[in-house]
Amino acid sequence: MRFILIDKIVELNPGESIVTTKNLTVAEEYLADHFPGFAVMPGVLMLEAMTQSAAWLIRVTDDFADSIISLQEARNVKYNHFVQPGETLTLRITILDRKPGQTKVKAEGLLGEKTALSARLVLHHHNIKDIYPSMGWKDQEMVVELKRIYSLLRQ
């Protein structure tokens, strides 16, 4: 993960749901260009924050069994409100369906009581060794780092 776009895991029910938060500050690098004079969180980063939240839910549900979790599909993405510095985006993710290597979720981003965005996401999860058997050592290395980040997000 190059950018961690959630600040805290507020609530977690493995196999069911997760609630996370992102506090948008003026210190976010990308705000300098998006948009000058009217700083707002880019929609693609709001979607990425949803994806990262869903990934934490999958990781914990599966006891960190897969090192790679990625967005496979985003459906019915709706943006309703801008997220500006000083605001907190609360992300609520609920599992709709699970198959081996694939999880479908309902995702919602809230600003207080207002829905800022919503989507249905499909996430794909696997290990590097599934594709490149000689790289299995990297899975273990990644899981150690992911567990470290998880412990920080749970504080």
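See above for the structure.
Remember, it's a predicted structure, so these values are computed and weren't measured experimentally. (Residues numbered from 1 in each chain as written. Predicted model: local features only at pLDDT ≥ 70, side-chain atom pairs only at ≥ 80, totals over all residues. Heavy atoms only, no water.)

Caption draft 1: Representation of the overall build of the protein. For the protein, the count of helices and strands is 2 helices and 6 strands. In terms of C-alpha radius of gyration, the protein reaches 16 Å, essentially the compact-globule figure of 15 Å for 155 residues. The principal-axis extent of the C-alpha atoms belonging to the protein is close to 50 × 30 × 30 Å. Burial analysis of the protein (155 residues in total) assigns 43% to the buried set. Long-range contacts, defined here as pairs at least 24 residues apart, represent 65% of the contacts in the protein between residues at least 6 apart. Separation between the mean location of the 18 positive side-chain charges and that of the 19 negative ones in the protein comes to 3 Å. (Helix = DSSP H or I, 4+ residues; strand = E, 2+ residues; numbered from the N terminus. Rg over C-alpha atoms; globule rule 2.2 N^0.38 Å. Buried < 20%, exposed > 50% of the residue type's maximum accessible area, 1.4 Å probe, protein only. Contact = heavy atoms within 4.5 Å. Lys, Arg positive; Asp, Glu negative; His and termini not counted. Charge placed at Lys NZ, Arg CZ, Asp CG, Glu CD.)

Caption draft 2: Representation of the pairing of strand β5 (residues 102-111) within the structure. Here β5 lies mainly inside the structure; 7 of its 10 residues are buried. Across 9 bridges, strand β4 (residues 88-99) lies against β5 in antiparallel orientation. If you follow T94 over to β5, its bridge partner there is K106. What sits between the antiparallel neighbours β4 and β5 is a turn of 2 residues, in which G101 has the positive phi angle 80 degrees. Pairing of β5 with strand β6 (residues 114-126) involves 10 bridges; the strand directions are antiparallel. The residue of β6 that forms the bridge with L110 is T115. (Pairing = 2+ DSSP bridges.)

Caption draft 3: Structural view of the sheet that holds strand β3 (residues 68-79). The antiparallel open sheet is built from 6 strands, whose spatial order is β1-β2-β4-β5-β6-β3. One side of each edge strand has no neighbouring strand; the edge strands of this open sheet are β1 (8-13) and β3. Averaged over all pairs of adjacent strands, the angle between their axes in this sheet comes to 20 degrees, without regard to strand direction. Helix-sheet contacts for helix α1 (residues 43-61) involve β1, β2 (17-23), β3, β4, β5 and β6, and the interaxial angle to β6 is about 50 degrees. (Axes fitted to C-alpha atoms, helices over the stretch in contact; angles between N-to-C directions.)

Caption draft 4: Summary view of the environment of I95. Residue position: I95 is located in strand β4. Overall, the relative accessible area of 15% leaves I95 in the buried class. Each C-alpha atom, one on I95 and one on A107, is 8.9 Å from the other, the two residues being 12 residues apart in sequence. Beyond its immediate stretch of four places on either side in the chain, I95 contacts G15, E16, L57, T61, T103, K104 and V105.

Caption draft 5: Quick look at helix α2 (residues 136-153). The end-to-end C-alpha separation of α2 is 26 Å, in line with the 26 Å expected for 18 residues at 1.5 Å each. Among all positions of α2, only G136, D139, V143, L146, I149, Y150 and L153 are buried. Projected onto a plane normal to the axis of α2, the buried residues spread over an arc of 130 degrees and lie on a single side. Those residues of α2 that are exposed and angled more than 90 degrees off the buried face are Q140 and V144. Those residues of α2 that are buried are in contact with β1 and α1. (Expected span 1.5 Å × (residues − 1). Arc of directions from axis to C-beta.)

Caption draft 6: Layout of α1. Over its 19 residues, α1 extends 27 Å from the first C-alpha to the last, a length consistent with the 27 Å expected when each residue adds 1.5 Å. α1 sits mainly inside the fold: 15 of its 19 residues count as buried. Looking one or two residues past α1, D63 carries a phi angle of roughly 50 degrees, positive in sign.

Caption draft 7: Looking closely at the packing of aromatic side chains. Evaluation of the coordinates by the stated rule reveals 3 aromatic pairs. Considering the side-chain rings of F64 and Y150, the 5.8 Å spacing of their centres and the 70 degrees angle between planes classify their relative orientation as edge-to-face. Here F64 is found in the loop between α1 and β3, whereas its partner Y150 is found in helix α2, with 86 residues between them in sequence. The burial state of F64 is the same as that of Y150; both residues are buried. Among the aromatic residues, those joined into a cluster by ring pairs are W56, F64 and Y150. Taking NZ or CZ as reference, R59 lies 4.5 Å from the ring centre of W56, over its face. (Phe/Tyr/Trp six-rings, centres within 6.5 Å; stacked < 30°, edge-to-face > 60°. Lys NZ or Arg CZ within 6 Å of the ring centre and 35° of its normal.)

On their own, these measurements won't tell you what the molecule is for.
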